[in-house]
Amino acid sequence: MKSIAIMGASGHCKVVADLALLNGYDDIVFIDKNPEIDMLGEYPVADEDTDLDYYLEHHYDFVVGIGDAKIRRKVQKNLEEMGADIVSLVHPAATVAYDVQIGAGTVVMAGAVINPSTVIGKGCIINTSASVDHDNVIGDYCHISVGAHTAGTVNMGDNCWLGIGGIVSNNIDICADTFICAGGVVVKNITKPGKYAGIPARIVPI
Ligand SMILES: CC(C)(COP(=O)(O)OP(=O)(O)OC[C@H]1O[C@@H](n2cnc3c(N)ncnc32)[C@H](O)[C@@H]1OP(=O)(O)O)[C@@H](O)C(=O)NCCC(=O)NCCS
């Protein structure tokens, strides 16, 4: 029996549960703060306040299935402090080069490609059909959204979100806490945190 507890009970959790199933987990439980939800799809939802200790004591693997990066970071830090075994999950239909380093709690979805000598931090989402090229350094709690792409030698700080279909050109540095809106194309370094949109991506007040 391979057991995993997924923090959260949202749409993103369903994708993470599928990932867990494909990674050989046959005992899957969601853990959420909303005691009114008992099931999500075919998996039970446990109450975080009353049941979390049980899954820690029974040495379940843990992963956070929460899309919102601030909450994901908070929940993962809490799990770290409690000594949980936090795992990363890679979809069997993702392509990850031999020397790529992936941090705890990071999920790599179907069709994603991560090329050689790239380092992905902890608690990241490399989403469906996204690609991260060679020699990237992607910080903790970043989200490379569905169909977003980074070229070679991109450095991205912690807590960044590259929106759906977004692109980062090669040799670009992006500071922590940057959000590239859907479809944005980054062609210059970003040194000031904020929201960037358009082609080329510029800071916006959205
Ligand atoms: C940036 C974003 C958050 C704005 O959403 P919003 O607050 O609901 O904004 P609105 O749709 O009301 O648009 C406000 C204005 O910004 C513009 N705008 C919205 N998104 C934009 C984008 N991605 N690029 C350029 N302009 C954008 C709108 O055209 C609108 O302009 P107007 O006032 O001149 O008409 C959203 O478009 C976005 O990029 N979300 C990311 C989605 C994503 O990547 N999800 C991950 C899936 S894996």
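Residues numbered from 1 in each chain as written. Predicted model: local features only at pLDDT ≥ 70, side-chain atom pairs only at ≥ 80, totals over all residues. Heavy atoms only, no water.

A. A look at the sheet that holds strand S21 (residues 173-174). Read across the sheet, five strands follow the order S9-S12-S15-S18-S21 without closing on themselves; strand pairing throughout is parallel. Strand pairing shows two members of the sheet lacking a second neighbour, strand S9 (101-102) and S21, which therefore form its edges. Where strand S18 (residues 155-156) meets S21, two bridges bridge the pair, whose relative direction is parallel. Within S21, the residue paired with Met-156 across the bridge is Ile-174. (Pairing = 2+ DSSP bridges. Helix = DSSP H or I, 4+ residues; strand = E, 2+ residues; numbered from the N terminus.)

B. Representation of the pattern of salt bridges within the structure. The full count for this structure, using the stated rule, is three salt bridges. Here Lys-33 makes a salt bridge to Glu-48, at a shortest N to O gap of 3.7 Å. Taken together, the residues Lys-33 in the loop between strand S2 (27-32) and strand S3 (39-40) and Glu-48 in helix H2 (residues 48-57) connect sequence positions 15 residues apart. On the basis of relative accessibility, which here comes to 53%, the residue Lys-33 falls in the exposed class. With its nearest N and O atoms 3.0 Å apart, the salt bridge here joins Glu-80 to Lys-122. In this pair, Glu-80 sits in helix H3 (residues 69-81) while Lys-122 sits in the loop between strand S12 (119-120) and strand S13 (125-126), placing the two residues 42 residues apart along the sequence. The partly exposed category is assigned to Glu-80, whose relative accessible area is 32%. Linked through salt bridges whose partners overlap, the residues forming this network are Lys-33, Glu-48 and Asp-49. (Salt bridge = Lys/Arg side-chain N within 4 Å of Asp/Glu carboxyl O. Buried < 20%, exposed > 50% of the residue type's maximum accessible area, 1.4 Å probe, protein only.)

C. View of the pairing of strand S24 (residues 194-197). Pairing analysis gives three bridges linking strand S22 (residues 178-180) to S24, with the strands arranged parallel. By the bridge assignment for S24, Ile-180 is matched with Tyr-196. The pairing of S24 with strand S25 (residues 202-203) spans two bridges and is classified as antiparallel. Note on S25: the bridge partner recorded for Ala-197 is Arg-202. Hairpin connection, S24 to S25: the antiparallel pair is bridged by four residues, and Gly-198 has positive phi, about 90 degrees.

D. Representation of the site of the ligand in the model. All residues in the neighbourhood of the ligand are listed as Asn-127, His-143, Ser-145, Val-146, Trp-161, Gly-163, Ile-164, Phe-179, Cys-181, Ala-182, Ala-197 and Ile-206. At 2.7 Å from an oxygen atom of the ligand is found a main-chain nitrogen or oxygen belonging to Ile-164. Between the ligand and the protein, one listed contact pairs an oxygen atom with a backbone N or O atom of Ala-182 at 2.8 Å. Its free accessible area being 910 Å², the ligand has 40% of it covered by the protein chains. Considering only residue class, the shell around the ligand consists of eight nonpolar, four polar and no charged. (Near = heavy atom within 4 Å. Polar contact = N/O pair within 3.5 Å; in protein donor to acceptor, adjacent residues only side chain to side chain. Areas by Shrake-Rupley, 256 points an atom, 1.4 Å probe, with all protein chains shown as cover. Nonpolar A, V, L, I, M, F, W, Y, C, P; charged D, E, K, R; others polar.)

E. View of the sheet that holds strand S1 (residues 3-7). Strand order in this open sheet of six strands is S3-S4-S2-S1-S5-S6, and the pairing throughout is mixed. Both edges of this open sheet fall to S3 and strand S6 (85-86), since each of them pairs with a single strand only. As paired elements, S2 and strand S4 (residues 43-47) share three bridges and run parallel to each other. When the sheet's bridge partners are listed, Ile-31 is paired in S4 with Ala-46. Here H3 sits on the sheet in contact with S1, strand S5 (61-64) and S6, set at roughly 160 degrees to S5. (Contact = heavy atoms within 4.5 Å. Axes fitted to C-alpha atoms, helices over the stretch in contact; angles between N-to-C directions.)

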